[in-house]
Amino acid sequence: GWVGLVVGAGILAGLLGGSLAGVDLPVRVGVSVTRSGMDAAAVACVGLTLLGVLLPLGAAALPGTALRDLVRVQATADRLTVAAAGLWLTLVLVAIAFRAADALARPLPQLTASGIGAWATQLAAGRGLLLTAGCAAVVLGCGIARLRRTDAVQVRIPLVAALLGALMPALTGHTGSAPDHQLAVISVALHVGAAALWIGGLGAMLVLVARHRALLDNALPRFSTLAGGCIVAVAITGVLNAITRLETWTALVETGYGQLVLAKTALLLALGGLGWLARRRLHARRTPVLRWAAMEVALMAVTIGVAA
């Protein structure tokens, strides 16, 4: 359901923002679907690998039954990481073909291997997607190795690879040609990284940890602290990103990009409200926060689609 929200919001935002306008609509839609799908898969990989970093920190304080649950949750996370990374890698490769067709203004069946190769190797956006494919392959390989033996690869390695892969499309897109290049690159890297940790971590907690009360009580307070820092980073860097792209205040309402910035701002405020509500309930030890958290991830999915 969350993935469907990401893709659906990406298509709707593309239509409203004008990015799907063009002669070859199927190619433009393919670009939008693969980009939003890539983002969803990358966020899933970040969240699943982040879970492996968060959970063991309090393992010594867990009772025996919770330790068995911890082992099962980590094994499930590794299996889901392999599935998400495989989907991510597939979407990146398909996205290269769609992006090349869009750039060359040709229908997909008329593309040649040399045309795709030229786009992927000679343009920054193409090289960025190749790097993303490499990062997804690293996450996939690490996940397969951990399925065979848990201690074969430290989980921080695929976490770093997933974060780098999530960053690449943003860093090699319009950010690379922004007037204030250094500020744009730094702010978008922090923006995407913080969003991926926040959204992916919360989604993974809900899917894998929510049913295990001892693990949830152990990991959720630490994640809540991380999420608080992430939302501050997302808000500040989002403002900086908008400043580097929009020349005047009127561009917020007169351009498709400005209107998407306003939509993202409204969604972020709503997410902040839901996060604040969940945090208050946690501090009051009112634990039925999972329904609110599921709504929060659904809203996050819409935000990912708009951003894509």
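Here the structure is a predicted model, which means the values were calculated and not measured.

Asks: Describe the environment of threonine 112, naming the residues involved and giving the relevant values.
Replies: Topologically, threonine 112 is positioned in the loop between α3 (64-104) and α4 (113-122). The sequence separation of threonine 112 and alanine 100 amounts to 12 residues, and the corresponding C-alpha distance is 9.9 Å. Among the polar contacts made by the side chain of threonine 112, one reaches the side chain of serine 114 at a distance of 3.1 Å.

Asks: Help me get a handle on helix α1 (residues 2-17), residues and values and all.
Replies: Spanning 16 residues, α1 covers 22 Å between terminal C-alpha atoms, matching the ideal 22 Å at 1.5 Å per step. Of the residues one or two after α1, glycine 18 is the one with positive phi, at around 90°.

Asks: Give me empty space enclosed by the protein: which residues, what numbers.
Replies: A probe as big as a water molecule, rolled over the atoms, marks out the empty space that is left. With the rule as written, the count across this model stands at 2 cavities of 30 Å³ or more. Its volume calculated, the largest cavity comes out at about 90 Å³. Considering the residues around the largest cavity, the lining is formed by 13 residues, among which Leu48, Asp78, Thr81, Arg146 and Val155 are closest to the centre. For the lining of the largest cavity, the secondary-structure elements that each account for two or more residues are α2 (25-54), α3 and α5 (124-148). Residue composition of the lining of the largest cavity, by class: 6 nonpolar, 5 polar and 2 charged. Estimates place the volume of the second largest cavity at around 40 Å³. Lining the second largest cavity, in full, are Val31, Thr34, Arg35, Met38, Ala95, Arg99, Leu129 and Pro169. Contributing elements (two or more residues each) for the lining of the second largest cavity: α2 and α3. Per-element tally for the lining of the second largest cavity: the top contributor is α2, with 4 residues.

So, how was this worked out
Residues numbered from 1 in each chain as written. Predicted model: local features only at pLDDT ≥ 70, side-chain atom pairs only at ≥ 80, totals over all residues. Heavy atoms only, no water. Helix = DSSP H or I, 4+ residues; strand = E, 2+ residues; numbered from the N terminus. Polar contact = N/O pair within 3.5 Å; in protein donor to acceptor, adjacent residues only side chain to side chain. Expected span 1.5 Å × (residues − 1). 1 Å grid on protein atoms, 1.4 Å probe; cavity = no way out; pocket = protein on both sides within 12 Å on 5 of 7 lines; lining within 4 Å. Points joined across faces, edges and corners; volume = space filled by probe spheres on them. Nonpolar A, V, L, I, M, F, W, Y, C, P; charged D, E, K, R; others polar.

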